[in-house]
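Fold and contact review
So the chains spell out like this:
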Amino acid sequence: MSNIKVLYLFVTSICNAKCHFCFYGEELNKKEDLTFDELEQFSKNLGRINSLMISGGEPFTRKDLHKVVTLFHKNNKIKYVSIPTNGSLVERSLKQIKEICSNKDLFVRIQISLDDFAKEHDEIRKVPDGFKKAIDLISKIKILKKTYPNLSVSVSSVLSSFNKDTAVDFSKYVNDLNVDDHNVEIERPTLGTISEDDSELSKWSNNAWREQMTTIVNIFKSVVNLNIQRYSLNNHEKKYRLGFIGPLLREIMVKLQFKIKNNLILEGKKWPISCVAGKKSLVIDHNGTFRACEMRSAIGNIKNYDFNFKNIYESAEYKNELETIRKVQCWKNCTHGCNIGLSIQYNKLSFLIVLKEALKTILSRIKFIFLKKYDGLG
């Protein structure tokens, strides 16, 4: 059977936002979502996995979201679920979060999307009073955390030309919200897979575009440095799945991801490891189509495989996709943060890379403890 560790599940295509940078924009509001019974059939045949990464659409528009998460917790023994949200459906979200957190051995991470200060954020996401509602949800989740120790709330931001000038100040604002983490990603359609069939390829050699990307990456570096200090070095009271070692592992992973993206975007260097998408993870779209990676074409639909993952895993289509990925090495020019992190975690060749970064990180922490000086990303 497979070695799938992570399932990326698009639970719905319904979304009340219109983010200009949404890579999934063409699939939204199709009203073709898998039913709970269909998801149950698939879950029963999937086997044990470690993490469920929810996506959408806006996940909390799905009224049975809590039942879906509990389903995979029961059948597939997931230990971790991540749910992104634009934060606009406050009361509905809170009700479902409580239900999900009732699975006491399940670590629940709610990621609230905030890209900029109120006016600019609402212009980017195009949700009326979206910023105000998201802040309200954060405040109420922080209260819930007192009842549910398995609950964590973080802020996720997309860095683009729209908010690059305020990104550092906004990162400082997020710190004052006292959330558990602040994750920042560079806009994917702009810096996504630079491959032969990518429409952005022509921009790769464009000097103006390259200068803009250099500016954005340098801002990204500043924000990453700030967040490492706040969420890995100073905030020991924050919750991590792996206890006291969590902040150290977080710092190592954040640094490695940044270096891979930086080397790719500014220097054209490919990943030092191969991607494990499709081998260790699977993406299921809202309508049942599945793929090895969000950035690749669909392989098929789980409905045509009797909702049985064994049938998918043993199919010629699935094997051909993995072989294609191996041959074309699409990952060598990809900035997909989730797959970079997954590949670092599960790639056999990562050991020496992680060990080297771990030693550097430990030394920098010792320096920070005694000299209060943070070396940063260099």
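Higher on the page you've got the structure.
Predicted, not measured: the structure shown is a model, and the values here were computed from it.

Some details on helix α4 (residues 118–125)
Those residues of α4 that sit buried are H121, D122, I124 and R125. Down the axis of α4, the sector holding all buried residues measures 160°, keeping them to one side. In the core, the buried residues of α4 are packed alongside β4 (107–113), α5 (130–144) and β5 (151–159). Of the residues trailing α4, K126 is marked for its positive phi of about 60°.

Brief notes about the pairing of strand β2 (residues 51–55)
In terms of burial, β2 is a largely internal element, 5 of the 5 residues being buried. With burial as the criterion, each face of β2 is covered, one bearing S51, M53 and S55 and the other bearing L52 and I54. As defined by bridge partners, strand β1 (residues 6–10) adjoins β2 across 5 bridges and the pair is classed as parallel. From the neighbouring strand, F10 faces β2, where its bridge partner is S55. Sheet analysis places β2 next to strand β3 (residues 80–85), joined by 3 bridges and oriented parallel. Residue pairing across strands places L52 opposite V81, the latter belonging to β3. For the segment spanning β2, helix α2 (residues 65–76) and β3, crossover handedness is right-handed.

Here is what the cut-offs are and how they apply
- Residues numbered from 1 in each chain as written.
- Predicted model: local features only at pLDDT ≥ 70, side-chain atom pairs only at ≥ 80, totals over all residues.
- Heavy atoms only, no water.
- Buried < 20%, exposed > 50% of the residue type's maximum accessible area, 1.4 Å probe, protein only.
- Helix = DSSP H or I, 4+ residues; strand = E, 2+ residues; numbered from the N terminus.
- Arc of directions from axis to C-beta.
- Contact = heavy atoms within 4.5 Å.
- Pairing = 2+ DSSP bridges.
- Right-handed = clockwise from strand over helix to strand, strands pointing away.

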